[in-house]
Amino acid sequence: MAFDYFAVAIRWREGNYTIAAKLENDDTLVDWQALTVAYPLNDVSDERSGYFDRATVLPAYRFRQLAKSGEIDAWLDGSAKGADFIMLHQAEWESGLAD
């Protein structure tokens, strides 16, 4: 199986959550391995789906510190501006290739 990685920027204002932006599978911007070592992923799979999902949440400032590219600053200061949290999501999908 193959995995996709997503970073979802979340704003929290007056008890309301909104999704600010999403970043997908960009290994040039994000060291996913370092992030998941610092913030271990938890199993959030739906047992009915047959696929494996894991996720964790970290403060936006830590995501900025652990990123490996200044382009993350542009993302956090642009479309993800004002994000309080970043949810990291690892989603398994069927690649069609043998494991």
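Scroll up to find the structure.
Attention in this report is confined to the structure presented alongside it. Numbering of residues begins from 1 in every chain and follows the order in which that chain's sequence is written. With pLDDT at 70 or above as the cut-off, local features in this predicted model cover only qualifying residues; side-chain atom pairs require 80 or more to be listed or tallied, and sums for whole chains, interfaces and linings still use all residues. Heavy atoms throughout the structure, all of them, feed into the side-chain values; hydrogens and water do not.

1. What to know about the packing of aromatic side chains
Paired rings are identified among Phe, Tyr and Trp, the last through its six-membered ring, by centres lying within 6.5 Å, and are further divided according to the angle between planes into stacked (under 30 degrees), edge-to-face (over 60) and tilted (the rest). Taken as a whole and assessed by the stated rule, the structure comprises three aromatic pairs. Residues Trp12 and Tyr17 carry aromatic rings whose centres are separated by 6.1 Å and whose planes lie at 20 degrees to one another, so their mutual orientation is stacked. Exposure categories follow from relative accessible area, calculated using a 1.4 Å probe and restricted to protein chains: below 20% of the type maximum is buried, above 50% is exposed, and the middle band is partly exposed. Among the residues examined, Trp12 registers a relative accessible area of 42% and is labelled partly exposed.

2. Comments concerning the nonpolar core
If you look at soluble globular proteins, the nonpolar side chains tend to sit buried side by side. The definition of a nonpolar core used throughout is a set of buried Ala, Val, Leu, Ile, Met, Phe, Trp, Tyr and Cys residues joined through side-chain atoms within 4.5 Å. One finds Phe63, Trp75, Ile86 and Leu88 to be the most contacted residues of the largest nonpolar core, which totals 22 residues. Numbered from the N terminus, helices here are DSSP runs of H or I no shorter than four residues, and strands are runs of E no shorter than two. Broken down by secondary-structure element, the contributors of at least two residues to this core are strand 1 (2–13), strand 2 (16–24), helix 1 (32–38), helix 2 (60–66), helix 3 (71–77) and strand 5 (85–93). The residues touching Leu88, leaving out its near neighbours within four places in the chain, are Phe6, Ala7, Trp32, Leu35, Leu41, Arg54, Ala55, Thr56, Leu58 and Phe63. Should any heavy atoms of two residues lie within 4.5 Å, those residues are considered in contact.

3. Let's talk about the pairing of strand 4 (residues 53–59)
A pair of strands is labelled paired if DSSP reports no fewer than 2 bridges between them. Examined bridge by bridge, strand 3 (residues 42–43) and strand 4 share two bridges and lie antiparallel to one another. Following the sheet pairing, Asn42 is matched in strand 4 by Ala55. Sheet topology note: the strand 4/strand 5 ladder contains seven bridges and is antiparallel. If you follow Val57 over to strand 5, its bridge partner there is Met87.

4. Notes on the sheet that holds strand 2
Spatially, 2-1-5-4-3 is the arrangement adopted by the five strands of the open sheet, whose pairing is antiparallel. Edge positions in the sheet fall to strand 2 and strand 3, since each of these pairs with one other strand and no more.

5. Focus on the pattern of salt bridges
The term salt bridge refers to a pairing of a side-chain nitrogen on Lys or Arg with a carboxyl oxygen on Asp or Glu at a separation within 4 Å. Taken as a whole, this structure holds four salt bridges when the rule is applied. Notably, a salt bridge pairs Asp46 with Arg48, separated by 2.9 Å at the nearest N-O pair. Judged by relative accessible area, Asp46 falls into the partly exposed class, the value being 33%. Overall, Arg48 belongs to the exposed group, its relative accessible area being 73%.

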